[in-house]
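Spelled out from the first residue to the last, the chains are:
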Amino acid sequence: MIKEKINKNSIDFMPINGTDYIELYVGNSKQAAHFYKTAFGFQSLAYSGLETGLKDRESYVVAQDKIRLVLTSPLKSGTEIGRHIDQHGDGVKVVAFIVDDATYAYETAIKNGAKSYFTPKTEKDDQGEIIKSGIYTYGETVHVFIERKNYSGIFMPGYRKWKTPEYNPPNTGLKFVDHMVGNVGWNKMDIWVNFYQKVLGFSQILSFDDEDISTDYTALMSKVMSSGNGKIKFPINEPAEGKKKSQVEEFLDFYEGEGIQHIALSTDNIVKTVTDLKSRGVEFLKVPSYYYDSVLNRVGKIDEEISQLKKLNILVDRDDEGYLLQIFTRPIEPRPTMFFEIIQRKGALSFGKGNFKALFEAIEKEQELRGTL
Ligand code: FE2
């Protein structure tokens, strides 16, 4: 059903082939890289910094199957990156798209109302060239278009291979970015839905109102935008009136603006992946134990042992196409802002609507401890 709603015309309008990388501005890129390797099973890929001729910043690139994270920190005071970290804490700055033509993508986006981050530029080394360009989206988050068809190097010009022969923890089975959720301000959701439609040719595939997503205390609204080929999905949340402060408001307060709330990473075996992540110290949200008393009545027959899901706190939901299994980490930095979701889809194309209530109650319990409910 959901697939049918995807606007086929948008494929010609703005060909985006997938997510190229996600760049986070972080306080300590070296330690962050170690964390993503040790805790999440990412592999060392590329590096740029003083040794490659940069004077003001350092980046480590880590990869797991199709997922690439770039972790960037400043090397001195007074930089734009440092200011970003001071305001927002660690967080996503760039969501980069793979495109066939970064100049065409940029010009089309600007023509349709996007604000420029940087104009198309070519970067070369002895492995070839890439062309890149960039536009702003919500908050200070940006999209960078990457054209890499004439490049055969490890990541991009300016980077060299990051070799860590003595420390390469095994992966945890994470495959690709399933979706990335943005939190935007009061009454801003439709503005950004419109932006993704007009500027990037995305289509709206789902929407949830505050009736769908509310507990006794907190509420939010969400619309899910999808790229023409369906490979990129961006749910966009805005807060809704509730008796107490919603998790979206808490995010906006602590991030000091709009930004990426969570990155959902796909696995083919969530039980194995989550067991592994837990043993490496990744912390997950705990839903109330009564969740498992009724879950099978709601979702019907599933392949997994419910006792195992309960032990790991993995959630299940079903839609017309199949079911999905999902779990959410606690925030991965001091501020209660960004977190990860681990998701395994068994046919389902939706986002776990049936789990929202239990999940929000789990989040509220944590908000209460933080005194931010
Ligand atoms: Fe999600």
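Residues numbered from 1 in each chain as written. Predicted model: local features only at pLDDT ≥ 70, side-chain atom pairs only at ≥ 80, totals over all residues. Heavy atoms only, no water.

## Observations regarding the overall build of the protein
The condition that has to hold: Secondary structure elements are defined from DSSP: runs of H or I of at least 4 residues count as helices, runs of E of at least 2 residues count as strands, and each element is numbered from the N terminus. To get the radius of gyration, use the C-alpha atoms; to get the globule rule, take the number of residues to the power 0.38 and multiply by 2.2 Å. With a 1.4 Å probe rolled over the protein chains alone, any residue whose accessible area is under 20% of its type maximum counts as buried; one over 50% counts as exposed, and the rest are partly exposed. Using a 1.4 Å probe, the Shrake-Rupley method yields the accessible areas, and only the shown protein chains count as cover for residues.
When its secondary structure is counted, the protein shows 10 helices and 17 strands. Against the globule reference of 21 Å for 373 residues, the protein gives a C-alpha radius of gyration of 20 Å, in line with a compact fold. Taken along the three principal axes of its C-alpha coordinates, the protein extends 60 × 50 × 40 Å. Taken across its 373 residues, the protein has 57% of its residues classed as buried. Only carbon and sulfur atoms are counted for the fraction: they give 49% of the accessible area of the protein, which is about 16,200 Å².

## So, the nonpolar core
Stated formally: Take the buried Ala, Val, Leu, Ile, Met, Phe, Trp, Tyr and Cys residues and link them wherever side-chain atoms come within 4.5 Å; each set so joined is a nonpolar core. We call two residues in contact whenever any of their non-hydrogen atoms come within 4.5 Å of each other.
Y36, F97, F145, L200 and I263 are the most contacted members of the largest nonpolar core, which has 91 residues in total. If you tally residues by element for this core, the top one is helix α5 (residues 189-200), at 7 residues. With near-sequence residues (within four places) excluded, Y36 lies in contact with L24, G41, F42, V62, L69, L71, I332, M338 and F340. Grouped together as the second largest cluster of nonpolar side chains are 17 residues, Y21, A46, M156 and Y159 included.

## Here we look at the pairing of strand β8 (residues 142-147)
How we decide: Paired strands are those between which DSSP finds at least two bridges.
Taking burial as the measure, the 6 residues of β8 include 6 buried ones, the bulk of the element. Burial along β8 is two-sided: the residues V142, V144 and I146 and H143, F145 and E147 are all buried. When strand β5 (residues 91-99) meets β8, the two strands line up parallel, connected through 5 bridges. By the bridge assignment, V95 is partnered in β8 with H143. Pairing of strand β7 (residues 128-136) with β8, which is carried by 6 bridges, proceeds in the antiparallel orientation.

## Things to note about the pattern of salt bridges
Stated formally: Salt bridges are counted wherever a side-chain nitrogen of Lys or Arg sits within 4 Å of a carboxyl oxygen of Asp or Glu.
Across all of its chains, the model carries 20 salt bridges by this definition. Between E250 and R370 there is a salt bridge, with the nearest N and O atoms lying 2.9 Å from each other. With E250 in helix α6 (residues 247-255) and R370 in helix α10 (residues 356-370), this residue pair connects regions lying 120 residues apart in the sequence. For E250, a relative accessible area of 2% puts it in the buried group.

## Here's the deal with the domain arrangement of the protein
Size of an interface, as often reported, equals the accessible area lost when the parts are brought together. For clarity, the threshold we go by: Per the annotation, domain bounds derive from an automatic or database assignment of domains. By convention, the term buried area covers the 1.4 Å-probe accessible surface removed from two parts as they join, with the contributions of both added. Any N or O atom pair separated by 3.5 Å or less is treated as a polar contact, with the protein-specific requirement of one donor-capable and one acceptor-capable atom, and with residues adjacent in sequence counted only for side-chain atom pairs.
According to the domain assignment, the protein consists of domain 1 (16-161) and domain 2 (174-370). Each of domain 1 and domain 2 has a C-alpha centre, and these two points are 25 Å apart. On the domain 2 side, the residues contacting the 42 residues of domain 1 number 37 residues. Each partner contributes to the roughly 3,200 Å² buried at the junction of domain 1 and domain 2, and carbon and sulfur atoms together form 65% of this total. Inspection of the region where domain 1 meets domain 2 yields 1 salt bridge. For the salt bridge of D65 with K175, the shortest nitrogen-to-oxygen distance reads 3.9 Å. Viewed at the interface, domain 2 and domain 1 are joined by 13 residue pairs in polar contact (both at pLDDT 80 or more).

## Details of the sheet that holds β7
Two pairing modes exist for strands in a sheet, parallel and antiparallel, and in both the strands are linked by backbone hydrogen bonds. Just so we agree on the cut-off: Inter-axis angles, ranging from 0 to 180 degrees, are taken between N-to-C directions of lines fitted to C-alpha atoms, where helices are fitted over the stretch in contact.
Ordered in space as β6-β7-β8-β5-β1-β4-β3-β2-β9, the 9 strands form an open sheet in which the pairing is mixed. Since the sheet does not close on itself, it has two edges, and those belong to β6 (116-125) and β9 (160-161), each with one partner. Pairing geometry for strand β1 (residues 16-25) and β5, over 8 bridges, is antiparallel. Of the residues in β5, the one forming a bridge with G18 is I98. Taken strand by strand, helix α2 (residues 29-38) contacts β1, β2 (43-48), β3 (57-64) and β4 (67-74), and its axis lies near 5° from that of β3. Against the sheet, helix α4 (residues 102-111) touches β5, β6, β7 and β8, its axis set at about 10° to β7.

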